[in-house]
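Summary of the model geometry
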Amino acid sequence: VFANPRNAAAGSLRQLDASITAERKLRFFGYSWGVIDGKPVDLFGTQAKARDKIAGWGFPLNEPARLCETIDQLMDFYDDVQAIRPDLNFDIDGIVYKINSLDYQARMGFVSRAPRWAIAHKLPAEQAQTILEKIDIQVGRTGALTPVAHLKPVTVGGVVVSRATLHNEDEIARKDVRVGDTVVIQRAGDVIPQVLHAIPEKRPADSVPFDFPTHCPICGSKAIREGDDVVRRCTGGLICPAQAVERIRHFVSRDALDIEGFGSKIVQQFWDDETVRSPADIFTIQTRDEADPLSALKNKPGWGPQSAAKLFAAIDARRQIDLDRFIYALGIRQIGQSTARLLAKNYSQFDALQTAMQAAADKESDAYKDLININGIGESMADDLIGFFTEEQNIALLDRLLSQVEVNEFNMVADETSAIAGKTVVFTGSLEQFSRAEAKVRAESLGAKVSGSVSKKTDYVVAGADAGSKLTKARDLGVTVLTEQAWLDLIGD
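In what follows, the accompanying structure is described.

**Quick word on the environment of Ala-308**
Here Ala-308 lies in helix α10 (residues 305-316). The spacing of Ala-308 and Ala-382 is 74 residues in sequence and 40 Å in space, taken between C-alpha atoms. Setting aside residues no more than four positions away along its own chain, Ala-308 makes contact with Leu-294, Leu-297 and Trp-303.

**Overview of the environment of Asp-476**
Tracing the chain through its elements places Asp-476 in helix α18 (residues 469-477). Between the C-alpha atoms of Asp-476 and Glu-274, which are 202 residues apart in sequence, the distance is 59 Å.

**Description of the side chain of Gln-354**
Considering the arrangement of structural elements, one finds Gln-354 in helix α13 (residues 350-359). Judged by relative accessible area, which is 11%, Gln-354 ranks as buried. The contact partners of Gln-354, leaving out residues within four places of it in the chain, are Phe-389, Leu-398 and Leu-402.

**Brief notes about the sheet that holds strand β15 (residues 449-451)**
The sheet built from 4 strands is open, its strands ordered β15-β14-β16-β17 with parallel pairing. What marks the edges here is a single partner per strand, and that holds for β15 and β17 (480-482). Ignoring which end each strand starts from, the neighbouring axes of this sheet average 30 degrees apart. The pairing of strand β16 (residues 460-463) with β17 spans 3 bridges and is parallel.

**A look at the packing of aromatic side chains**
A complete count under the given rule lists 12 aromatic pairs for this structure. An angle of 50 degrees between the planes, with centres 6.0 Å apart, marks the rings of Phe-350 and Phe-389 as tilted. You can see Phe-350 sitting in helix α13 and its partner Phe-389 sitting in helix α15 (residues 379-390), a full 39 residues away along the chain. We note that Phe-350, like Phe-389, is buried.

**What about the nonpolar core?**
Counting residues in hydrophobic clusters, the biggest one holds 62 residues, and the most contacted among them are Phe-262, Ile-282, Leu-371 and Phe-389. The contact partners of Leu-371, leaving out residues within four places of it in the chain, are Leu-343, Tyr-347, Met-357, Ala-360, Ile-377, Ala-382, Leu-385 and Ile-386. Judged by nonpolar contacts, the second largest core, of 25 residues, contains Ile-137, Val-156, Cys-234 and Ala-242.

**Side note on unusual backbone geometry**
Of note, the amide linkage connecting Glu-63 to Pro-64 takes the cis form, showing an omega dihedral of 5 degrees. Tracing the chain through its elements places Pro-64 in the loop between α4 (47-56) and α5 (71-84). The phi dihedral of His-167 is positive, around 70 degrees, even though this residue is not glycine. The residue His-167 is located in the loop between β7 (159-165) and α7 (169-175) in this model. According to the relative accessible area criterion, His-167 is partly exposed, its value standing at 40%. Despite not being glycine, Ser-348 shows a phi value in the positive range, around 65 degrees. You can see Ser-348 is positioned in the loop between α12 (337-347) and α13.

**Some details on the layout of surface pockets**
Of the pockets and cavities examined, the second largest pocket occupies roughly 1,800 Å³. When residues of the lining of the second largest pocket are traced back to their parent elements, those giving at least two are α3 (40-43), α6 (102-108), β2 (110-111), α11 (323-329), α12, α17 (436-445) and α19 (484-491).

**Looking at the packing of α13 against α15**
Across the interface, α13 lies against α15 with an axial gap of 8 Å and an inter-helix angle of 105 degrees. Taken together, the axis directions place α13 and α15 in an arrangement best described as roughly perpendicular. Residues Phe-350, Leu-353, Gln-354, Met-357 and Gln-358 of α13 touch α15, and the partners they reach there are Leu-385, Ile-386, Phe-389 and Thr-390. Class assignment for the residues of the contact of α13 with α15 results in 6 nonpolar, 3 polar and no charged.

**Remarks on the pairing of strand β14 (residues 424-428)**
Burial analysis of β14 places 5 of its 5 residues in the buried class, the great majority of the element. Neither face of β14 is left uncovered, since the one carrying Thr-424, Val-426 and Thr-428 and the one carrying Val-425 and Phe-427 both have all their residues buried. Of the strand pairs in this sheet, β14 and β15 are connected by 3 bridges, and their pairing is parallel. Opposite Val-426, over in β15, you have Ser-451 as the bridge partner. Considered for its hand, the β-α-β crossover made up of β14, α17 and β15 is right-handed. Sheet topology places β14 next to β16; 4 bridges connect them, and they run parallel. Its bridge partner being in β16, Val-426 is matched across the sheet by Val-461.

**Considering α13**
Burial in α13 covers these residues: Phe-350, Leu-353, Gln-354, Ala-356 and Met-357. Viewed along the axis of α13, the buried residues span an arc of 165 degrees, placing them on a single side of the element. Exposed and oriented more than 90 degrees from the buried face of α13 are Asp-351 and Thr-355. Of the surrounding secondary structure, the elements contacted by the buried residues of α13 are α11, α12, α14 (366-372), α15, α16 (392-402) and β13 (406-408).

**What about the environment of Ile-95?**
Here Ile-95 is to be found in strand β1 (residues 94-98). Linking Ile-95 and His-197, residues 102 residues apart in sequence, is a C-alpha distance of 26 Å. Residue contacts for Ile-95: discarding those within four places in its chain leaves Phe-77, Tyr-78, Val-81, Ile-119, Ala-120 and His-121.

**Here we look at the pattern of salt bridges**
As enumerated under the stated definition, the model contains 26 salt bridges in all. Its salt-bridge partner being Arg-249, residue Glu-246 comes within 2.6 Å of it at the nearest N-O pair. Of this pair, Glu-246 and Arg-249 both sit in helix α8 (residues 241-252), separated by 3 residues, roughly a single helical turn. Assessed through its relative accessible area of 25%, Glu-246 is described here as partly exposed. Judged by its relative accessible area of 22%, Arg-249 falls in the partly exposed class. Sharing partners across several salt bridges, the network here consists of Glu-169, Asp-170, Arg-225 and Arg-232.

About the thresholds
- Residues numbered from 1 in each chain as written.
- Predicted model: local features only at pLDDT ≥ 70, side-chain atom pairs only at ≥ 80, totals over all residues.
- Heavy atoms only, no water.
- Helix = DSSP H or I, 4+ residues; strand = E, 2+ residues; numbered from the N terminus.
- Contact = heavy atoms within 4.5 Å.
- Buried < 20%, exposed > 50% of the residue type's maximum accessible area, 1.4 Å probe, protein only.
- Pairing = 2+ DSSP bridges.
- Axes fitted to C-alpha atoms, helices over the stretch in contact; angles between N-to-C directions.
- Phe/Tyr/Trp six-rings, centres within 6.5 Å; stacked < 30°, edge-to-face > 60°.
- Core = buried A, V, L, I, M, F, W, Y, C linked by side-chain atoms within 4.5 Å.
- 1 Å grid on protein atoms, 1.4 Å probe; cavity = no way out; pocket = protein on both sides within 12 Å on 5 of 7 lines; lining within 4 Å.
- Points joined across faces, edges and corners; volume = space filled by probe spheres on them.
- Parallel < 35°, antiparallel > 145°, perpendicular 65-115°, else oblique.
- Nonpolar A, V, L, I, M, F, W, Y, C, P; charged D, E, K, R; others polar.
- Right-handed = clockwise from strand over helix to strand, strands pointing away.
- Arc of directions from axis to C-beta.
- Salt bridge = Lys/Arg side-chain N within 4 Å of Asp/Glu carboxyl O.

Next up, the structure:
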């Protein structure tokens, strides 16, 4: 018996024997499109018409669905779906609202992989009661101490839950959850287990509040809270084994280098037996003994010639990596996928990024001004970037890594015929024909870089009404200033 439909579908599709997959009662709903000949806005016009076209091609559609024109109609649909949810012959955890116009969708764009033109409205999650047996403290790659509740296993929404995050010490104090408490849990969004609250009347008589540690449970270094940060962090840095292991796990993870077969358990195994102690060590496992490449994995449980060869092939496949993935893989605090891509787009090459970050240590330098002028990079994020690239141990690590890995130059996919490809653009003043966010999305889709302030590297300043100091600076520097209409004429809109 499968635990839930998600696991059943995923497991069925991953079967090595396709005949087993064929026996499973899987169904497919067509809800979007991949590569098509032409622009979606020209082919379909709206999301509703796209659904009609997909149905006409013979694909079953996900139902119920409704075209709504007001907030009240959206809420009526939400209530209707909630009422029929128990009778649907498949599980759902909510509703997605999408802007109907595909033209508006294109203009609004994406944040990382999340569309600005769609939003999920979750249905109430199923809840259950269980006993909180223990609170464990985990240490992440940035040193964050995260409390995890160990629960008496209980089934919630078709999944057995035995652990749930408690987020931070303030959250524990606010909810006043204690070891031995009977707690109410749910899976947020029907996915992530969370402890909602304790039931005080069921609390044991000898219960005491949880005492959050002030030292790292792994390396013993002080754990401190900086400023208004709700997270307590280990100050051990690279000497803390927990941080080192988590950084390696992050480095090989799917959105980073994505080394197939190099999972969490293997990272821990290789750390424990000292095969891998830093990301650079991954690429030297098979070259440590030139006479016998398999020597590093011999006598390790679970490893033979075939499994070792597969791992080495997966590692070799990542000796050339895209710049944005490499930046993200380094695990720099505050630098997620979107920011890594933003840095890659602005600096193009890793050498250029590293040199610029080291020069930006001088906050009076042009390098620092260029960094914080990037739309989306603030002073706190800049400090973390500069701190990472100027720390001696990190510099040594990067030198070792770059001797094993080739980082590709970043090439943004854009309209090669665009007049603004590779140009730096600043928007200022009150824009009337389009929003600032819309202008940014359009400019970036045509290969331009959007900056937050004017410098000698700026190519165009698009000035709306009541433009102030940025317009003055652009004129002083001789930067080309465009009206909104001149901008639209330039990009062909």
